[in-house]
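The chain contents come next:
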Amino acid sequence: MKKYPSDNQRNNHTAPLKEVFEELLEAYRLKDTFSEKTVIQEWEQLMGKTIASRTQHLSIRQKVLYAKISSGPLKKEMMLNKSKILQLIESRYGKGVVKDLALL
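Scope of this entry: the structure provided in the associated data block.

About the cut-offs
- Residues numbered from 1 in each chain as written.
- Predicted model: local features only at pLDDT ≥ 70, side-chain atom pairs only at ≥ 80, totals over all residues.
- Heavy atoms only, no water.
- Helix = DSSP H or I, 4+ residues; strand = E, 2+ residues; numbered from the N terminus.
- Buried < 20%, exposed > 50% of the residue type's maximum accessible area, 1.4 Å probe, protein only.
- Contact = heavy atoms within 4.5 Å.
- Areas by Shrake-Rupley, 256 points an atom, 1.4 Å probe, with all protein chains shown as cover.
- Pairing = 2+ DSSP bridges.
- Axes fitted to C-alpha atoms, helices over the stretch in contact; angles between N-to-C directions.

### Brief notes about the overall build of the protein chain
Tallying secondary structure elements over the protein chain gives six helices and three strands in all. When the helices and strands of the protein chain are read in sequence order from the N terminus, they spell out α-α-α-α-β-β-α-α-β. Out of the 104 residues in the protein chain, the part that is buried amounts to 29%. Look at the contacts in the protein chain between residues 6 or more apart in sequence, and 52% of them connect residues 24 or more apart. Split by element, the accessible area of the protein chain, about 8400 Å² in all, is 50% carbon and sulfur.

Right, here's the structure in full:
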């Protein structure tokens, strides 16, 4: 049986997948983009089914979350609680992912 040279063998250094994934995002400078996509993807868990069902479109451009809401009273209520929504996003996804909220 042929023995492989020692420099080609696998090393026994292991790391949790979460840490490796975070390092990969940092290395390719994709952490902010990944966090933004996660906010959009998890909008229903973040805000609840009622708000998510009345949200027609979500996007993030230049750290501003744009949300098109179909209900006028709900949009007004969200405008009044804008700082709470931004704090909720910051606590869950980190500081600097979303700096402002624009309700359309």
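### Comments concerning the sheet that holds strand β2 (residues 64-69)
Spatially, β1-β2-β3 is the arrangement adopted by the three strands of the open sheet, whose pairing is mixed. If you trace the sheet from one side to the other, it starts and ends with β1 (55-61) and β3 (100-103), each paired once. Taking each pair of neighbouring strands and ignoring which way they run, the sheet shows an average axis angle of 20°. Where β1 lies against β2, six bridges are found, and the strand directions are antiparallel. By the bridge assignment for β2, Thr55 is matched with Ile69.

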